[in-house]
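# Commentary on secondary and tertiary structure
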Amino acid sequence: MKKIERPYNSEEIKLLKSRKNSLWEHFENFGMKFIGITLVILSPLLIYDKFINKVSPETQLIVVIPLLIVSVGTVIYWMNKNGEIGWNKKVENEIKNGKAQVLKIHTDKVFKRKQTYDLGSGFYIKISDNQTLFLQGQYFDELQYGRKFPNTDFEIVLTKLTFNELIDVKSFGKYLKPEKKLKAFTKEQFDKNEVHRDGDLLEIPIEQIK
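Residues numbered from 1 in each chain as written. Predicted model: local features only at pLDDT ≥ 70, side-chain atom pairs only at ≥ 80, totals over all residues. Heavy atoms only, no water.

### Some words on a nonpolar patch on the surface
A cluster of nonpolar residues, Ile 47, Tyr 48, Phe 51 and Ile 52, forms a patch on the protein surface that exposes about 460 Å² of accessible area. If you trace the backbone, Ile 47 turns up in helix H2 (residues 23-52). Among the residues examined, Ile 47 registers a relative accessible area of 47% and is labelled partly exposed. (Patch = residues over 30% accessible without salt bridge, like charges linked within 9 Å, V, L, I, M, F, W, Y side chains within 5 Å. Areas by Shrake-Rupley, 256 points an atom, 1.4 Å probe, with all protein chains shown as cover. Salt bridge = Lys/Arg side-chain N within 4 Å of Asp/Glu carboxyl O. Helix = DSSP H or I, 4+ residues; strand = E, 2+ residues; numbered from the N terminus. Buried < 20%, exposed > 50% of the residue type's maximum accessible area, 1.4 Å probe, protein only.)

Written out as structure tokens, the structure reads:
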């Protein structure tokens, strides 16, 4: 496996730009969260009004307005913490100042791990006699359906500067059918953190993975 860094090409810049959120997507994300949080905040008042004692319109107005302000503030905080508000700026910064991380991989042996939850299937890629790379994601499933992955010769393109995200997988060799299919990780293994994560480089031979 060889790792290099280089400037983004025009195709990768186009892919990055396509991941920016439109004004409508921002509005939709805010609206859905606002509705959900508002219902949760207002539910005690609605229950009290329906089952215990009627609340006058004047009192409702006095109570509802501060609750709506709290709801808006909560949504903004939530979106900011998750990086949604500044997402487009991060993408633009990545395009302007970042570089593509490219992993060039040659292999002759692959094992497949069955999908757990909605994480996508996992693939163990033999890097050397004592190193194995684990890749996992629904994106790899889509490539497998087209028999483009796993492959004897491929490269993975990742962002570097701000969010280390997969941009593309490019295949140059031949489709490589997994030699073995392993069981999905169990809930107990997840709870004990005894699972492999996308991008893990394991310092063990692929034959020892069960």
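### A short note on unusual backbone geometry
Note: most peptide bonds trans; most residues except glycine with negative phi. For the peptide bond that leads from Phe 149 to Pro 150, omega is 0 degrees, which places it in the cis range. When you line up the elements, Pro 150 lands in the loop between helix H5 (138-145) and strand E6 (153-158). A positive phi is found at Arg 147, a non-glycine position, where the angle reads about 55 degrees. With respect to the secondary-structure elements, Arg 147 resides in the loop between H5 and E6. Positive phi, close to 60 degrees, is recorded for Asn 193, a residue that is not glycine. Its location among the elements puts Asn 193 in the loop between helix H6 (187-191) and strand E9 (201-202). On the basis of relative accessibility, which here comes to 54%, the residue Asn 193 falls in the exposed class.

### Things to note about the packing of helix H1 (residues 10-18) against helix H4 (residues 87-97)
Contact geometry of H1 with H4 gives a least axis separation of 9 Å together with a crossing angle of 170 degrees. When the interaxial angle is binned, H1 and H4 end up roughly antiparallel. Touching Ile 13, Leu 16 and Lys 17 of H1 are Val 91, Glu 94 and Ile 95, all from H4. Taken together, the residues of the contact of H1 with H4 sort by class into four nonpolar, no polar and two charged. (Axes fitted to C-alpha atoms, helices over the stretch in contact; angles between N-to-C directions. Parallel < 35°, antiparallel > 145°, perpendicular 65-115°, else oblique. Contact = heavy atoms within 4.5 Å. Nonpolar A, V, L, I, M, F, W, Y, C, P; charged D, E, K, R; others polar.)

### Section: the nonpolar core
Grouped together as the largest cluster of nonpolar side chains are 16 residues, with contacts concentrated most on Ile 105, Ile 125, Leu 135, Phe 149, Phe 154, Ile 156 and Val 169. Secondary structure elements with two or more residues in this core: strand E2 (100-106), strand E4 (122-128), strand E5 (131-136), H5 and E6. Sequence-distant contacts of Val 169, defined by excluding residues within four places in its chain, comprise Tyr 139, Phe 140, Leu 143, Phe 149, Phe 154, Glu 155 and Ile 156. Core analysis: the next-biggest nonpolar cluster, separate from the first, contains ten residues, Phe 134, Phe 185, Phe 190 and Val 195 among them. (Core = buried A, V, L, I, M, F, W, Y, C linked by side-chain atoms within 4.5 Å.)

### A short note on the packing of H2 against helix H3 (residues 57-81)
Two numbers describe how H2 lies on H3: the axes approach to 9 Å, and their chain directions differ by 140 degrees. The interaxial crossing formed by H2 with H3 has right-handed handedness. Here the contact of H2 with H3 is composed, by residue class, of 16 nonpolar, six polar and two charged. (Left-handed = near helix turned anticlockwise from the far one by under 90°.)

### What to know about the sheet that holds E5
Across the sheet, five strands lie side by side as E8-E3-E4-E5-E9; this open sheet has mixed pairing. Two strands close off the open sheet at either side, each with one partner strand: strand E8 (180-182) and E9. The pairing of strand E3 (residues 110-113) with E8 spans three bridges and is parallel. When the bridges of E8 are listed, Phe 111 appears paired with Lys 180. The strands touched by H5 are E3, E4 and E5; relative to E4, the strand with the most contacts, the crossing angle is about 85 degrees. (Pairing = 2+ DSSP bridges.)

### Observations concerning the packing of aromatic side chains
Tallied over the entire structure, the rule returns eight aromatic pairs. Each ring, one from Tyr 124 and one from Phe 134, has its centre 4.6 Å from the other, and the planes form 45 degrees; the classification is tilted. Separated by ten residues along the polypeptide, Tyr 124 in strand E4 and Phe 134 in strand E5 bring together distant segments of the chain. Phe 134 matches Tyr 124 in its accessibility class, with the two residues each being buried. Measuring from centroid to centroid gives 6.5 Å for Tyr 139 and Phe 140, while their planes differ by 80 degrees, and the two rings are edge-to-face. Directly above the ring of Trp 78 sits Lys 33, whose terminal nitrogen or CZ lies 5.4 Å from the centroid. Between the NZ or CZ atom of Lys 50 and the centre of the ring of Phe 51, over which it lies, the distance is 5.8 Å. (Phe/Tyr/Trp six-rings, centres within 6.5 Å; stacked < 30°, edge-to-face > 60°. Lys NZ or Arg CZ within 6 Å of the ring centre and 35° of its normal.)

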